[in-house]
Structures are given as C-alpha cells and as structure tokens.
Amino acid sequence: MPLRFFFFFLFVAVLGPFPLAAEQAERAAPETEGRELVKLPPPIRDYMLEAMRDHLVALNELLDALSLGDFEQAGIVAESRLGLRSPEGEDAADIRKHLPRAMIEMDMALYEASGRFVEIAQDARNLDSATALDMVFAGLRDITDACVACHSGYRLR
Ligand code: HEC
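What you see is a predicted model; the values in this text were computed from it and never measured. All residue numbers refer to positions counted from 1 along the written sequence of the respective chain. At least 70 in pLDDT is required for a residue's local features to be given in this predicted model, at least 80 for side-chain atom pairs to be given and counted, and no such filter applies to totals for whole chains, interfaces and linings, which use all residues.

A. Looking closely at the site of the ligand. We call a residue near a molecule or strand if the C-beta atom, set from the backbone, is within 6 Å of it. Neighbouring the ligand are 20 residues, the closest being Met52, His55, Cys147, Cys150 and Arg155. Of all the secondary-structure elements, those providing two or more residues to the shell around the ligand are helix 3 (42-67), helix 6 (101-124), helix 7 (129-153) and strand 2 (154-155). Helical segments are the DSSP runs of H or I of at least four residues, strand segments are the runs of E of at least two, and each set is numbered from the N terminus. In terms of residue count, the dominant contributor to the shell around the ligand is helix 3 (six residues). Three classes are used, and their members are as follows: Ala, Val, Leu, Ile, Met, Phe, Trp, Tyr, Cys and Pro are nonpolar, Asp, Glu, Lys and Arg are charged, and the others, Gly among them, are polar. Considered class by class, the residues forming the shell around the ligand number 14 nonpolar, two polar and four charged.

Right under this line is the structure:
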C-alpha cells in the first residue's frame, strides 16, 4: 500500500469514530437525564435560581469562617443564610406552593442540616480542636448532602 493511503486509513481509523461518538452522546443525553423537570412560572424560577446562587455564596462564606477557625461566625452564616431564618426561608411559603412534595422535603432537609450545624458550631467551641473539626466537617457534609440530593433529582430548565 502506498504510504499516503496508509496514512489516510490511519486517519480515518483514528479520528473517524469521534464525530459519531459525539453525535451519539448528544442524542443519548435526554434519555440519560434522570432529573425531573419542575416547571415554575418564570419569575418564581428566577427567584429560586437567585436564591440558589446565594446558597453557594453562603457556603463559601461558611468555609471562609472555618478556614479562620471562627466557628461562631460559621454558625451565624449557617443560620442567617442557609437556615429557615434566611431571606429564602421567609419567602419559602410562596415558592413551596409550586414545588412537588418530595422537593419541599429536600428543602426542609437543608434547613434542618443548617440548624444542626449551628448547634455543632456552638458545641465545637468547647472541644479540643481535632474533635471539633471532625464534628464541624461532618455537619458541613450534611449541608452539602442536602444540596446534592435535590440537585440529582430535579431541574428547573
Ligand atoms: C430543594 C432542592 C434544592 C436544594 C436543597 C438545593 N438546590 Fe440548588 N438548585 C436546585 C434546582 C432544581 C436547581 C436548578 C437546576 C437546573 O435547572 O439544572 C438548582 C440550581 C442551583 C445553582 C445554579 C443557579 C443558577 O443560576 O444557574 C446553584 C449554584 C445551586 N443550586 C446551589 C445550591 C447549594 C450550594 C445548595 C445547598 C446549600 C443548594 N443549591 C440546595 C434545587 C435545590
């Protein structure tokens, strides 16, 4: 076989499958998308997404406080930004009317985890640092567990 044909076949053999694989992945996406679509009136959906972005900012502030060893501040952030007394917590009744029951329960799980974190952060101040850190990180993991559980079940768009 002339060398240029060899390279042509090599090219086809190596690169040929890629566009096909990409097309298949694109077509397969809706079937592998297991999350339930929750249709909300656009203003409610936008409000919820804004609250979500604020959740992430709050989580970042909580980590910032922990990185400084400031458990008290971490507890304040959890209570005021991720708990029932957060701005979203107060508006929650309006939003809940539009959400499936299981999703509301997942939202409550976040508030509960945040409430537990507040208590853990308070207790941690009286413990030696290794035990305190174990407790605080387990509490933080329970908060992010609540984020992950809902995200893997639902989407808004
Ligand atoms: C009760 C359900 C629920 C909980 C709890 C939850 N989320 Fe969400 N979040 C959603 C849904 C639904 C979306 C939209 C996803 C989509 O449409 O693809 C979303 C979207 C987001 C987005 C993207 C916002 C945007 O503008 O695109 C961020 C960031 C986010 N969540 C952060 C968090 C964090 C951090 C937590 C936990 C502290 C959390 N969420 C807890 C349901 C939840």
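Resuming the write-up.
B. Inspection of the confidence of the model for the chain at higher detail. Known as pLDDT, the predictor's per-residue confidence is scaled from 0 to 100. Confidence in the prediction for the chain averages 84 pLDDT; 75% of positions are at 70 or higher. By the criterion used throughout, residues are in contact when their C-beta atoms, derived from the backbone, lie within 7 Å. Confidence drops under pLDDT 50 across residues 10-20; counting only partners more than four residues distant or on other chains, this segment forms zero contacts. The model gives residues 22-29 a pLDDT under 50, and that stretch makes zero contacts with residues more than four places away or in other chains.

C. Region of interest: the packing of helix 4 (residues 71-81) against helix 6. At a minimum axis distance of 8 Å, the contact between helix 4 and helix 6 shows a crossing angle of 165°. When the axes of helix 4 and helix 6 are compared, the pair comes out roughly antiparallel. Between helix 4 and helix 6 lies a crossing of left-handed hand. For the pair helix 4 and helix 6, the contacting residues are Phe71, Glu72, Ala74, Gly75, Ala78 and Glu79 in the first and Ser114, Phe117, Val118, Ala121, Gln122 and Ala124 in the second. Taken together, the residues that form the contact of helix 4 with helix 6 break down as seven nonpolar, three polar and two charged. Here an axis means a line fitted to C-alpha atoms, over the contact stretch when the element is a helix, while the angle between two N-to-C directions is reported on a 0 to 180 degree scale. Small angles under 35 degrees read as roughly parallel and large ones over 145 as roughly antiparallel, with 65 to 115 read as roughly perpendicular and the rest as oblique. Handedness of each helix crossing follows the sense of rotation of the near helix against the far helix: counterclockwise by less than a right angle gives left-handed, clockwise gives right-handed.

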